[in-house]
Amino acid sequence: MIRSFRVILALRAAGVMALALVAISVGSVWTLGAVLDGEVDASILNVASIQAASLTDGASGDMRFHEWELTPDEATSVRSLIRYAQVWQADGRSLLRSQFMTSDLPVSEADLERAGGGELVWSDQMWDGRPIRTLYYPLERLGAAHERHVLQVAAPLDARNGLVGRVAVFFGLFSLLMTGATFAGGYWLADRAVRPVHEIIGQAEDIGAGSLDRRIHAYADTREYRRLVAVLNTMLERIQGAFEAQRRFTADASHELRSPLTAMRGELELALRRERPGDEYRRVLDSTLEEVNRLSLITEALLTLARSDAHALELAREETDLVDLAGQVVARREARAGAKNLRLVLEAREPVQAWVDPRLLSQVVWNLVDNALRFTPEGGTVRVVVRTTERHAVLCVEDTGPGFGPGDPARVFERFYRADAARPLDGETSGTGLGLAIVKAVAEAHGGDVAAENAPGGGARVKVRVPRAVSDPWATSGPARP
């Protein structure tokens, strides 16, 4: 494939060069021929003017040409420079011809008649197997004695055609040579241009699932390829990050699913070892049901996140008062807050209307409140604040717990993230590790965002923003757009 690309690139370069050289050659040869034709015509016209004037030089009035006195050998040596002249009667009878001519020039009756009428007539003819250029020159302008006389002057075109032919051959050979050189140079340049790409591809192909930490180093410092290598390495970093995240997610999901299954299996195996009273079987069934509920929660959360990853999280948008929605969640969680001696407070100055999916937003509020209740120590406060900006509705949940610790608070939105020592977990506060990840997915599906931070006075704060209006009318229902 690489070699074919080199050949194709070289052929294209050679083809362009060949077309350019052919155009230049044809134009040059045509221009040279036109210039030489002009010179030949000018010389013929000059000779015709001189010879026409010399016809009256004789004292007796007899016609004669003004010619050089040349020996036959001299005449042969300058044959290509000689201009042949002949005087014709209008009826086609020859009256006079040059001393070097052994036969009459070829004459066209139509051209002779036109010249007899006073017109200069040019013609290309063949004479003794040689191409000639002919001018029919009327002599009536010399006086009444020459009214029916026409002077024919001819010049051989051997030298002109020979020069044009040699120039055409030169340009042809030059074009072939330059086309071949262009092909060779194009192939060489294509090879130099493609070789780095080939080496970069080779290094990229060597990177597999088990070596995602490797990077491409070929031509990384070359200016022409620096950006390509940087883009590929950046892509590899993203792939590695996604792969590691997926691997961690798979491991964590397996662990989370295995833990309740192991507990259920242990309880059931222990119950089946011997006959037990009915209340012990009930206790085992209650414990098993609790683990089944936990598995259901994890499975539902995983399905929600999978739909979000596939941009298929369906939003049934409708105009919703977020203050009323948050109030319903707070009312349902007051019993849990009271059991831990916590204050659960809803703060909102006025109704906040937004086009959202109330079911998913209710889940967001539930997850945030549940997370705050689990990590807030006894006697603390969980505050739910709903407010509005010009374009967004803002839902903020704060607690007076230990906060998110010194690390990056944004990590709490990672799937199966476990808090560090700053926010300890125990049997009562154990969760699936997917609640805040779902909060982030739902907010982004609505076109909003989430943020987590340590509150200035201590504790944790999670803020969710969603647009109040839907700019795309098709977004009011159906799959959520990324």
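Chains are numbered independently. Their residues run from 1 in the order of the written sequence. Per-residue local features of the predicted model are confined to residues with pLDDT of at least 70, and side-chain atom pairs are confined, for both listing and counting, to 80 or more; whole-chain, interface and lining totals are unaffected and use all residues. Excluding hydrogens and water, the side-chain figures rest on all heavy atoms present in the structure.

With that settled, the discussion passes to the overall build of the protein chain. On a plain count of helices and strands, the protein chain comes out with 9 helices and 12 strands. A 1.4 Å probe rolled over the protein chains alone gives each residue an accessible area, and that area as a share of the maximum for its type sets the label: buried under 20%, exposed over 50%, partly exposed in between. Within the protein chain, buried positions represent 38% of all 482 residues. For the protein chain, the accessible surface area stands at approximately 27700 Å², while carbon and sulfur atoms represent 56% of it. Labels follow the DSSP assignment, with helices taken as runs of H or I lasting at least four residues and strands as runs of E lasting at least two, numbered in each case from the N terminus. Areas reported here follow the Shrake-Rupley algorithm with a probe of radius 1.4 Å; residue values treat only the protein chains shown as occluding.

Judged by which residues are buried, strand E3 (residues 121–127) turns out to be one-sided: Val 121, Ser 123, Gln 125 and Trp 127 face inward and are buried, whereas Trp 122, Asp 124 and Met 126, on the alternate face, are not. Note: two strands are recorded as paired if DSSP finds a minimum of 2 bridges between them. Bridge count for E3 against strand E4 (residues 130–138) is 7 bridges, and the pairing is antiparallel. Its bridge partner lying in E4, Gln 125 is registered against Ile 132. Turn length for the E3-E4 hairpin, with the two strands adjacent in sequence and antiparallel, is 2 residues, and the turn residue Asp 128 shows positive phi of about 55°.

One open sheet accounts for 5 strands, arranged E2-E1-E5-E4-E3; its pairing is antiparallel. Edge positions in the open sheet fall to strand E2 (94–97) and E3, since each of these has one partner strand only. The average angle at which neighbouring strand axes cross in this sheet is 25°, direction not considered. Every axis in this analysis is a line fitted to C-alpha atoms, fitted for helices over the stretch in contact. Angles between the N-to-C directions lie between 0 and 180 degrees.

Quick look at unusual backbone geometry now. Even without a glycine there, the phi angle at Asp 128 is positive, about 55°. Mapped onto the secondary structure, Asp 128 falls in the loop between E3 and E4. Note on Asp 128: relative accessible area 56%, which makes it exposed. Non-glycine residue Asn 341 carries a positive phi angle of around 60°. Relative to the elements of secondary structure, Asn 341 occurs in the loop between helix H7 (322–339) and strand E7 (343–347).

Below, the discussion takes up helix H3 (residues 109–116). Of the positions making up H3, those classed as buried are Asp 111, Leu 112, Ala 115 and Gly 116. Down the axis of H3, the buried set is contained in an arc of 140°. They therefore lie on one face. Looking at H3, the residues exposed on the side facing more than 90 degrees away from the buried face are Glu 109 and Glu 113. Residue contacts are counted whenever heavy atoms from the two residues lie within 4.5 Å of one another. Packing partners of the buried residues in H3 comprise strand E1 (84–89), E3, E4 and strand E5 (149–156). Note on H3: the residue one or two positions beyond its end, Gly 118, has a positive phi of about 100°. An arc is given here, and it is the one of the directions from the helix axis to the C-beta atoms.

A few words now on the packing of aromatic side chains. Pairs were defined over the aromatic rings of Phe, Tyr and Trp, the Trp ring being its six-membered one, requiring ring centres within 6.5 Å. Orientation was assigned from the angle between planes: stacked under 30 degrees, edge-to-face over 60, tilted for the rest. Enumeration over the complete set of coordinates arrives at 3 aromatic pairs. Considering the side-chain rings of Tyr 84 and Trp 127, the 5.0 Å spacing of their centres and the 75° angle between planes classify their relative orientation as edge-to-face. Highlighted residues: Tyr 84 in strand E1 and Trp 127 in strand E3, separated in sequence by 43 residues. Taking relative accessible area as the criterion, Trp 127 reaches 9% and is therefore assigned buried. Ring plane angle 15° and centroid distance 6.1 Å describe the contact between Phe 170 and Phe 174, whose orientation is recorded as stacked. With Phe 170 and Phe 174 both in helix H4 (residues 158–205) and 4 residues apart, this pair spans about one turn of that helix. Ring-pair connections join several aromatic residues into one group, and the members of that group are Phe 170, Phe 171 and Phe 174. Two limits define a charge over a ring: the Lys NZ or Arg CZ must be within 6 Å of the ring centre, and within 35 degrees of the ring normal. Here Arg 333 stacks its cationic end above the ring of Trp 366, 4.4 Å away from the centre of that ring.

Let us look at the confidence of the model for the protein chain. Parts of the prediction with low pLDDT should not have their coordinates interpreted in detail. The predictor's confidence in any single residue is recorded as pLDDT, a number from 0 to 100. The pLDDT averaged across the protein chain works out to 79; a share of 82% of its residues lies at or above 70. Per-element confidence in the protein chain is highest for strand E9 (residues 381–388), whose mean pLDDT is 93, and lowest for helix H2 (residues 72–77), whose mean pLDDT is 54. Of the regions scoring below 50 in pLDDT, residues 420–429 engages in 22 contacts with residues more than four places distant in sequence or in other chains. The low-confidence segment residues 471–482 (pLDDT under 50) makes 22 contacts with residues lying over four places distant or belonging to another chain.

It is worth spelling out the side chain of Arg 130 at this point. Position of Arg 130 relative to the elements: it lies in strand E4. Among the polar contacts listed, one links the side chain of Arg 130 to the side chain of Asp 158, at a separation of 3.3 Å. Two N or O atoms count as a polar contact when they lie within 3.5 Å, although within protein this holds only if one can serve as hydrogen donor and the other as acceptor, and sequence-adjacent residues are included solely when both atoms are side-chain atoms.

Here we take up the pattern of salt bridges. Whenever a carboxyl oxygen of Asp or Glu lies within 4 Å of a side-chain nitrogen of Lys or Arg, that contact is scored as a salt bridge. The final tally for this structure, using the stated rule, is 16 salt bridges. Salt-bridge contacts for Arg 133 lead to Asp 41; the nearest nitrogen and oxygen are separated by 2.9 Å. One end of the pair, Arg 133, is in strand E4; the other, Asp 41, is in helix H1 (residues 2–54), and 92 residues separate them in sequence. With a closest N to O distance of 2.6 Å, Glu 347 and Arg 383 form a salt bridge. Of this pair, Glu 347 sits in strand E7 while Arg 383 sits in strand E9, and the two are 36 residues apart along the sequence.

Attention now goes to the sheet that holds strand E11 (residues 449–454). Here 5 strands make up an open sheet; going across it, the order is E7-E9-E10-E12-E11 and the pairing mixed. Whereas interior strands pair on both sides, the edge strands pair on one side only; in this sheet they are E7 and E11. Within the sheet, the average angular offset between the axes of one strand and its neighbour, ignoring direction, is 15°. In this structure, strand E10 (residues 392–399) lies alongside strand E12 (residues 460–467), joined through 7 bridges in antiparallel fashion. When the sheet's bridge partners are listed, Glu 398 is paired in E12 with Arg 461. The strands touched by H7 are E7, E9, E10 and E12; relative to E7, the strand with the most contacts, the crossing angle is about 175°. In this fold helix H8 (residues 358–375) packs onto E7, E9, E10 and E12, with an angle of close to 20° to the strand it touches most, E10.

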